[in-house]
Every structure is written in C-alpha cells, then in structure tokens.
Amino acid sequence: MDSNLLNRAMLRLDPRGTGNVSVNSILTQFRRLKFKISRTAVEDGVWSIDSDGNGYLSHADIENTIEQAKTDRTAPTKIINLVEFLGYEEDGYITLDQCILLLASRFGKLLTQADIHNLWFDTSSGLSDMNELVSYAEFLRQLELTSLIIS
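So, a few notes on the structure that sits alongside this text. (Residues numbered from 1 in each chain as written. Predicted model: local features only at pLDDT ≥ 70, side-chain atom pairs only at ≥ 80, totals over all residues. Heavy atoms only, no water.)

### Considering the pattern of salt bridges
For step 1, the next point in the chain: Here the structure, examined in full by the defined rule, presents five salt bridges.
For step 2, the next point in the chain: Note that Arg-8 and Glu-90 form a salt bridge whose closest N and O atoms lie 2.0 Å from each other. Placement of Arg-8 in helix 1 (residues 3-13) and of Glu-90 in the loop between helix 5 (77-88) and strand 1 (93-95) is noted, with a sequence separation of 82 residues between them.
For step 3, the next point in the chain: Among the residues examined, Glu-90 registers a relative accessible area of 44% and is labelled partly exposed.
For step 4, the next point in the chain: One salt bridge in this structure joins Arg-32 and Glu-89, with 2.7 Å as the shortest N-O distance. Separated by 57 residues along the polypeptide, Arg-32 in helix 2 (residues 23-32) and Glu-89 in the loop between helix 5 and strand 1 bring together distant segments of the chain.
For step 5, the next point in the chain: Exposure remark for Arg-32: the relative accessible area of 34% places this residue in the partly exposed category.
For step 6, the next point in the chain: A single network of salt bridges, built from pairs that share partners, joins Arg-12, Arg-32 and Glu-89. (Salt bridge = Lys/Arg side-chain N within 4 Å of Asp/Glu carboxyl O. Helix = DSSP H or I, 4+ residues; strand = E, 2+ residues; numbered from the N terminus. Buried < 20%, exposed > 50% of the residue type's maximum accessible area, 1.4 Å probe, protein only.)

### Some points on the packing of aromatic side chains
Within a pair of aromatic rings, the relevant descriptors are the distance that separates the centres and the angle that separates the planes.
For step 1, the next point in the chain: Summed over the entire model, instances satisfying the criterion amount to six aromatic pairs.
For step 2, the next point in the chain: With a centroid separation of 5.1 Å and 40° between ring planes, the pair formed by Phe-30 and Phe-35 is classed as tilted.
For step 3, the next point in the chain: According to the relative accessible area criterion, Phe-30 is buried, its value standing at 0%.
For step 4, the next point in the chain: Of the residues examined, Phe-35 reaches a relative accessible area of 23% and is grouped as partly exposed.
For step 5, the next point in the chain: Relative to Tyr-136, the ring of Phe-85 lies with its centre 4.9 Å away and its plane at 75°, an arrangement referred to as edge-to-face. Of this pair, Phe-85 sits in helix 5 while Tyr-136 is found in helix 8 (residues 136-150), placing the two residues 51 residues apart along the sequence. Accessibility classification places Phe-85 together with Tyr-136 in one group, the buried group. (Phe/Tyr/Trp six-rings, centres within 6.5 Å; stacked < 30°, edge-to-face > 60°.)

### Points about the environment of Thr-18
For step 1, the next point in the chain: With respect to the helices, strands and loops of the structure, Thr-18 is situated in the loop between helix 1 and helix 2.
For step 2, the next point in the chain: Residues Thr-18 and Ser-58, spaced 40 residues apart in sequence, show a C-alpha to C-alpha distance of 9.3 Å.
For step 3, the next point in the chain: Within the structure, the side chain of Thr-18 is placed 2.9 Å from the side chain of Asp-14, a separation counted as a polar contact. (Polar contact = N/O pair within 3.5 Å; in protein donor to acceptor, adjacent residues only side chain to side chain.)

### So, the nonpolar core
Soluble globular proteins tend to pack their nonpolar side chains together in the buried interior.
For step 1, the next point in the chain: Ile-26, Val-83 and Phe-139 are the most contacted members of the largest nonpolar core, which has 40 residues in total.
For step 2, the next point in the chain: Counting residues per element, the ones that place at least two in this core are helix 1, helix 2, helix 3 (39-49), helix 4 (59-69), helix 5, helix 6 (96-107) and helix 8.
For step 3, the next point in the chain: It is helix 5 that contributes the most residues to this core, seven residues altogether.
For step 4, the next point in the chain: When sequence neighbours within four positions are dropped, the list of residues in contact with Ile-26 reads Leu-13, Val-21, Val-42, Val-46, Leu-57, Ile-79 and Leu-82. (Core = buried A, V, L, I, M, F, W, Y, C linked by side-chain atoms within 4.5 Å. Contact = heavy atoms within 4.5 Å.)

### Observations regarding the packing of helix 2 against helix 5
For step 1, the next point in the chain: Axis separation between helix 2 and helix 5 bottoms out at 11 Å; the angle between their running directions is 65°. By the angle class used here, helix 2 and helix 5 are roughly perpendicular. Where helix 2 crosses over helix 5, the two elements pack in a sense that is left-handed. For the pair helix 2 and helix 5, the contacting residues are Ile-26, Gln-29, Phe-30 and Arg-32 in the first and Lys-78, Ile-79, Leu-82 and Leu-86 in the second.
For step 2, the next point in the chain: Here the contact of helix 2 with helix 5 is composed, by residue class, of five nonpolar, one polar and two charged. (Axes fitted to C-alpha atoms, helices over the stretch in contact; angles between N-to-C directions. Parallel < 35°, antiparallel > 145°, perpendicular 65-115°, else oblique. Left-handed = near helix turned anticlockwise from the far one by under 90°. Nonpolar A, V, L, I, M, F, W, Y, C, P; charged D, E, K, R; others polar.)

Honestly, that's just the spatial picture; any functional story needs more than this.
Here is the structure:
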C-alpha cells in the first residue's frame, strides 16, 4: 500500500497521532461505514496483528500485515480491508477506479483485465463509470467475488 494512503488511513484510525490504533477506533470506523462486527472479532484481529502485545496496532504492525496479505491468504483480512478502504475513502465511499486499484494491489497478477471486466460489468453491482461511488459493503463484496474468481 502506498505510504500516503497508509498515512491517510492511519489519520482516521489514530486521529490524535499517538502511534497506536485501539480496538475502539477500529470499531468506530467500522460503524461509520455501517459494517457490523463484534468487539470480540476486532479484538481477535488486533491480537493477531499486534507485534508487541500491548493491545494496540502500530503503523508498522498494519504495514507489515498488508504486505503479508499479498503472499499469505490467511492474513487477517477484516482490518486490512478497512485500512485499505480508509486510504481512499471520502464520506463513506471510494470510486470504482480506486476499488479496482485496491483489488489489483491485493491480488496482483492473479487478477486479469478480463476478471476485472467480469466483476464490474457482469455482476449485479450496476457500476460502469470509473467515477461512480463504491460503498464499503460493495467493496467487500467485490473482494469476495475476486477471491472466488482467482482461486
């Protein structure tokens, strides 16, 4: 993930600039995006990423996990998905173009141009203009569809 996008996401997750992302701040962002997730699920995600065991995520924890996810499909995805989305997000949405960039970044060469076309133009998303807005729920749906297509 581009460092500017990661910094932008970190500002949302750590608005006071403490260097630590709490379970509460992650829950706040999920709720703002209207994504239902339990506190326990977020705590488990933080625990699996937290390298020093202090109960908070550092910038490095998140950055390392995003890099790990490119090669390890078992990496904790709920927090990664949120961070990637927050890097581009404005008022709860990203553009279709930004969504495709995120998918390409996550899946790399496994995702072909034909796959992208099939995802966006042959699904029920109804999206076709690269500037159309994509909600967090639709972003997650496209991630799931992409995973199915490339596996």
